[in-house]
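Structural features, examined
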Amino acid sequence: MKKHKYPIAALGTVLLMSFIVKPKPVKVYLIGDSTVADYTLDEGYLQKKYPITGWGQVFQQFLKKDSLKKLNRLIKSDSALVIDKAKGGRSTRTFFEEGRWKEVLSTLEKNDLVLIQFGHNDAAKDKPERYVDIPGYKDFLRMYVKETRAKGAVPVLITPVTRNYPWKDGKLGSAHGEYPQAVKDVAKELNTPIIDLTSLSASFFTTKGNEFVSKHYFMNLDSAKYEAYPKGQKDNTHFQPEGAKAVAQLVYNELKNINRKAN
């Protein structure tokens, strides 16, 4: 039988390739409230809650291989896995007290990302079980940033996405009081990347107009259109799929800007 002879160099290349390890996906953790949450994780989502959609729920589609090339300094891999740990009704404090942050921290690894967006529930003075004042809000944000960095991961602070009010003279303002500025203060103090989603979303929604945004982006639903809302819905905080995707696009675009400035 004739023996096949392989050049030594070629054999070496084959052996080398067999030992090349493909980079692990970078995990992109999302922590925050209902505007970020993934509702598909809730039992009976399609029957009980659809079309409500958090922007984190659709964020994975923005982190495909080609898109990641524009985030090459932030995400040091050719793949990324979004892990959405955001939960409705949570503030910076309750997210921590319920052990949700501990769960993230236990699996957080070097070079992972943590996107941090709270504020909607921290500001709820009429709901003391979740309310956090500005000094406390800053303290919890500092903790999330510092503990993320202690793991060798990268924190990104995000101001709360705007609600669909107040509108004045065709322009959408902010309903979040001092909370967006508090995020900016912590970002400056700790030299942390920040996405000013409050301003970005308000400006973008203004270009679309109140009527369009109310109908297509927020959970203002006609009766009998969706199984989960037979009587319809009036909700100017939470998103339909189109609104969630628009916000996720804003977040991705800002990550590209952060990436350009990264070392």
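See the structure above.
A short tour of the structure in this document, coming up. (Residues numbered from 1 in each chain as written. Predicted model: local features only at pLDDT ≥ 70, side-chain atom pairs only at ≥ 80, totals over all residues. Heavy atoms only, no water.)

1. Structural notes on the overall build of the chain
Spelled out, the test is: Helix and strand assignments follow DSSP, with helices taken as H or I runs no shorter than four residues and strands as E runs no shorter than two, numbered in order from the N terminus. When accessible area is computed with a 1.4 Å probe and restricted to protein chains, residues below 20% of their type maximum are described as buried, those above 50% as exposed, and intermediate ones as partly exposed. By definition in these notes, contact holds between two residues if any of their heavy atoms fall within 4.5 Å. Reported accessibility uses the Shrake-Rupley method at a 1.4 Å probe radius. Residues are deemed covered only where the shown protein chains occlude them. Under the counting rule used here, the positive set is Lys and Arg, the negative set is Asp and Glu, and His together with the chain ends is not counted. To locate a charge, take atom NZ for lysine, CZ for arginine, CG for aspartate or CD for glutamate.
Counting secondary structure elements, the chain contains 10 helices and seven strands. Residue burial in the chain is summarised as follows: out of 263 residues, 49% are buried. Relative to all contacts within the chain whose residues are 6 or more apart in sequence, the contacts with residues 24 or more apart total 72%. About 14300 Å² of surface is accessible on the chain, with carbon and sulfur atoms providing 54% of the total. Charge separation in the chain, taken as the distance between the mean sites of 43 positive and 29 negative side-chain charges, equals 9 Å.

2. Some words on the pairing of strand β4 (residues 154-158)
Applicable threshold: Two strands are counted as paired when DSSP detects at least two bridges linking them. A clockwise course of the path from the first strand over the helix to the second, judged with the strands pointing away from the viewer, identifies a crossover as right-handed.
Burial runs high along β4: four of the five residues are buried. Relative to β4, strand β3 (residues 113-117) runs parallel, the two sharing five bridges. Of the residues in β4, the one forming a bridge with I116 is L157. Where the polypeptide runs from β3 across helix α6 (residues 134-150) and back to β4, its parallel neighbour, the crossover connection is right-handed. The sheet contact formed by β4 and strand β7 (residues 194-195) spans two bridges and is parallel. Residue pairing for β7: L157 is matched across the bridge by I194.

3. Re the nonpolar core
General note: in soluble globular proteins, nonpolar side chains tend to be found buried as a group. As a reminder of what qualifies: Each nonpolar core is a collection of buried residues, namely Ala, Val, Leu, Ile, Met, Phe, Trp, Tyr and Cys, held together in the definition by side-chain atoms within 4.5 Å.
Ranked by size, the top nonpolar core spans 48 residues in total, and within it W55, F59, L63, I75, L115 and L255 carry the most contacts. Of all elements in the fold, only β1 (26-32), β2 (80-84), β3, β4, α8 (197-208) and α10 (241-261) reach the threshold of two or more residues within this core. The biggest single contributor to this core is α10, with nine residues. Among all residues touching L115, those that are not within four sequence positions of it are V28, Y29, L30, I31, W55, F59, V156, I158, V251 and L255. Formed by 27 residues, the second largest nonpolar core is a distinct cluster that contains Y29, F95, L157 and A187.

4. Description of the side chain of T198
The topology assignment puts T198 in helix α8. Sequence-distant contacts of T198, defined by excluding residues within four places in its chain, comprise T159, P160, T162, S174, H176 and P180.

5. Describing α6
Formally: To estimate the expected span of a helix, count its residues, drop one, and scale the result by 1.5 Å.
Between the first and last C-alpha of α6 there are 24 Å, a value that for 17 residues agrees with the 24 Å anticipated at 1.5 Å per step. The complete set of buried residues in α6 reads I134, G136, Y137, K138, F140, L141, R142, M143, Y144, V145 and T148. After α6 finishes, the residue G152 shows a positive phi value of roughly 80 degrees.

6. Digging into unusual backbone geometry
A cis geometry characterises the amide bond from Y50 onward to P51, with omega recorded as 20 degrees. Note that P51 resides in the loop between α2 (45-48) and α3 (65-68). A cis amide bond links Y165 with the next residue in sequence, P166, at an omega value of 0 degrees. With respect to the helices and strands, P166 occurs in the loop between β4 and β5 (167-168). Even without glycine at this site, A224 takes up a positive phi of about 65 degrees. Structurally, A224 is set in the loop between α9 (210-216) and α10.

7. Description of the pairing of β3
The element β3 is largely enclosed, with a buried count of five among its five residues. Neither face of β3 is exposed, since L113, L115 and Q117 on one face and V114 and I116 on the opposite face are all buried. Where β1 and β3 come together, five bridges link them in parallel fashion. From the neighbouring strand, V28 faces β3, where its bridge partner is L113.

8. What to know about the environment of G177
You can see G177 is positioned in the loop between β6 (171-172) and α7 (179-189). Taking C-alpha positions, G177 is 13 Å from Y137, a pair spaced 40 residues apart along the chain.

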